[in-house]
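The residues making up each chain are set out below.
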Amino acid sequence: MTEFLQGLLSNINPYILQIIVNIGIGIVLALGLNVITGLTGQLSLGHAAFMSVGAFTSALLTIKLGMPITLNLLVTGAVTALVGALIGYPILRLTGDYLAICTLGFAEIVKVVFLNLDITNRALGLSVPPANSAIPMPFVVWGVAILAIILVSFVYNSRFGRALKAIRGDEIAAEAMGINVARYKVQSFALGTFLAGVGGGLYAHFISYINPSDFGFLKSIDILSMIVLGGLGSIPGAVIGAGVLSAAPEFLRFMANYRMLVYGALLVFMMLFRPNGLMGGVNFTDMVLRALGRKPHLKTVLQNREVGK
């Protein structure tokens, strides 16, 4: 089986393969932030910090324990979710700009801490050995990405997801209806950071080298741009946004010095002419139902029109 999978990969240009894997990792990260920002309405500018926690945790589990990649990612996600819950409990009492500033400050603290820890090799970073897995890493990445899409889809259509949508709409009204806003926000933050940690673990093992400086403010903005471009609160939007923004810088390399100019102009153009994002108003469940020849639920259609997602 392993030889067959390796044979499939050998037929793909390594450069194209790297872009494909980066898209898969971007999808996992974007879905995590979409739960926090798109579904719950809590603006976070520190998602890269949780990605870095996951990356270093996963790398150390492989270096020190040789842990299999499946167990490694589960433990990494759990550790990152625990950190997210501990941090989220005090800061999620804030809203709007104040919450964004707190998450940004936390991200800078994490980066400085990792830059000064011996176990993370300080500013030199860590060389990550190959993952302990019988399956090639690109297949692991896309397997996790597909599982993440399924998981978040179930969350969106569950009672938990409906409570998060209510909090996004109006926290005071949601609390008046009996929703424990603080608890649900912390749980949402833990779920989003779980996926960020898993994405960080995948990134560490695919790139094979990690440095605290790789997970700065601009990385958080990249992930946020993915869900804004695709459409806040939309699962297909997170997938497409991650695909476009992960691949666009590479496909624009032929423009050399003007590459990032075109990249930025694309984002500005989208915000002017499609402010809800590429897939704003599109529900993943409805897409599946339409593909199967069934009509989407009327209640879901009305909810999507109401929130503009």
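Given the structure is predicted, the values throughout are model-derived calculations rather than measurements.

### Things to note about the overall build of the protein chain
The helix and strand tally for the protein chain stands at 14 helices and two strands. Taken over 309 residues, the protein chain has a buried fraction of 48%. For the protein chain, long-range pairs separated by at least 24 residues make up 76% of all intrachain contacts whose partners lie at least 6 apart in sequence. Summed over its atoms, the accessible surface of the protein chain is roughly 15,100 Å², and 67% of this surface lies on carbon and sulfur atoms.

### Things to note about the packing of helix H3 (residues 47-65) against helix H9 (residues 181-207)
Angle between the axes and distance between the axes: these two values describe a pair of packed helices. Packing of H3 against H9 leaves a shortest axis separation of 6 Å and a crossing angle of 50 degrees. When the interaxial angle is binned, H3 and H9 end up oblique. The handedness of the crossing between H3 and H9 is right-handed. Together, His47, Phe50, Met51, Gly54, Ala55, Ser58, Ala59 and Thr62 of H3 and Phe189, Gly192, Thr193, Ala196, Gly197, Gly200, Gly201, Tyr203, Ala204 and His205 of H9 make up the contact between the two elements.

### Considering the environment of Phe194
Positionally, Phe194 belongs in helix H9. With relative accessibility at 22%, the residue Phe194 sits in the partly exposed group. Apart from the residues lying within four places of it in its own chain, the contact partners of Phe194 are Leu74, Gly77, Ala78 and Ala81.

### Remarks on unusual backbone geometry
Non-glycine residue Asn121 carries a positive phi angle of around 65 degrees. Relative to the helices and strands, Asn121 resides in the loop between helix H5 (96-115) and strand E1 (126-127). On the basis of relative accessible area, Asn121 is assigned to the partly exposed category, the value being 34%. Within the chain, Ser208 stands out as a residue other than glycine whose phi angle is a positive 75 degrees. Its location among the elements puts Ser208 in the loop between H9 and strand E2 (209-210). Exposure remark for Ser208: the relative accessible area of 32% places this residue in the partly exposed category.

### Digging into the nonpolar core
Core analysis: the largest hydrophobic core is formed by 78 residues, its most contacted members being Leu31, Leu202, Ile210 and Phe215. Residues contacting Phe215, with those up to four places away along its chain left out, are Ala48, Met51, Ser52, Ala55, Phe56, Tyr203 and Ile210.

### A few points about a nonpolar patch on the surface
Together, Ile12, Tyr15, Ile16, Ile20 and Phe251 make up an exposed nonpolar region whose accessible area comes to about 410 Å². Among the elements that make up the nonpolar patch, the one with the highest residue count is helix H2 (residues 14-39) (three residues). By the element assignment, Ile12 lies in the loop between helix H1 (2-10) and H2. Its relative accessible area of 31% is what places Ile12 among the partly exposed residues.

### Topic: the packing of aromatic side chains
What the rule picks out here adds up to six aromatic pairs. Within the aromatic cluster, the residues linked to one another by ring pairs are Phe56, Phe114, Tyr203 and Phe215.

### Some points on the environment of Ala81
Of note, Ala81 is situated in helix H4 (residues 69-91). The exposure class assigned to Ala81 is buried, which follows from its relative accessible area of 13%. It is 7.8 Å that separates the C-alpha atoms of Ala81 and Phe189, two residues lying 108 residues apart in sequence. When neighbours within four sequence positions are excluded, Ala81 is seen to be in contact with Ala190, Thr193 and Phe194.

### Quick word on the pattern of salt bridges
Evaluation of the coordinates by the stated rule reveals three salt bridges. Asp118 is paired through a salt bridge with Arg122; the nearest N and O atoms lie 2.8 Å apart. In this structure, Lys185 and Glu171 form a salt bridge, with 3.3 Å as the shortest nitrogen-oxygen distance. Remark: Glu171 occurs in helix H8 (residues 171-176) and Lys185 occurs in helix H9; sequence separation between them is 14 residues.

### Quick look at the side chain of His205
Tracing the backbone shows His205 in helix H9. For His205, a relative accessible area of 5% gives the class buried. The contact partners of His205, leaving out residues within four places of it in the chain, are Ser58, Ala59, Thr62, Ile69, Asn72, Val128, Pro129, Pro130, Ala131 and Met137.

### Points about helix H11 (residues 235-251)
The first and last C-alpha atoms of H11 sit 24 Å apart over 17 residues, in line with the 24 Å expected at 1.5 Å per residue. Counting buried residues along H11, 12 of its 17 residues qualify, which places the element largely inside the surrounding structure.

### Considerations on the side chain of Ser188
Inspection of the secondary structure puts Ser188 in helix H9. The residues touching Ser188, leaving out its near neighbours within four places in the chain, are Val35, Ile36, Thr40, Phe160 and Leu164.

Each value, and the rule that gives it
- Residues numbered from 1 in each chain as written.
- Predicted model: local features only at pLDDT ≥ 70, side-chain atom pairs only at ≥ 80, totals over all residues.
- Heavy atoms only, no water.
- Helix = DSSP H or I, 4+ residues; strand = E, 2+ residues; numbered from the N terminus.
- Buried < 20%, exposed > 50% of the residue type's maximum accessible area, 1.4 Å probe, protein only.
- Contact = heavy atoms within 4.5 Å.
- Areas by Shrake-Rupley, 256 points an atom, 1.4 Å probe, with all protein chains shown as cover.
- Axes fitted to C-alpha atoms, helices over the stretch in contact; angles between N-to-C directions.
- Parallel < 35°, antiparallel > 145°, perpendicular 65-115°, else oblique.
- Left-handed = near helix turned anticlockwise from the far one by under 90°.
- Core = buried A, V, L, I, M, F, W, Y, C linked by side-chain atoms within 4.5 Å.
- Patch = residues over 30% accessible without salt bridge, like charges linked within 9 Å, V, L, I, M, F, W, Y side chains within 5 Å.
- Salt bridge = Lys/Arg side-chain N within 4 Å of Asp/Glu carboxyl O.
- Phe/Tyr/Trp six-rings, centres within 6.5 Å; stacked < 30°, edge-to-face > 60°.
- Expected span 1.5 Å × (residues − 1).

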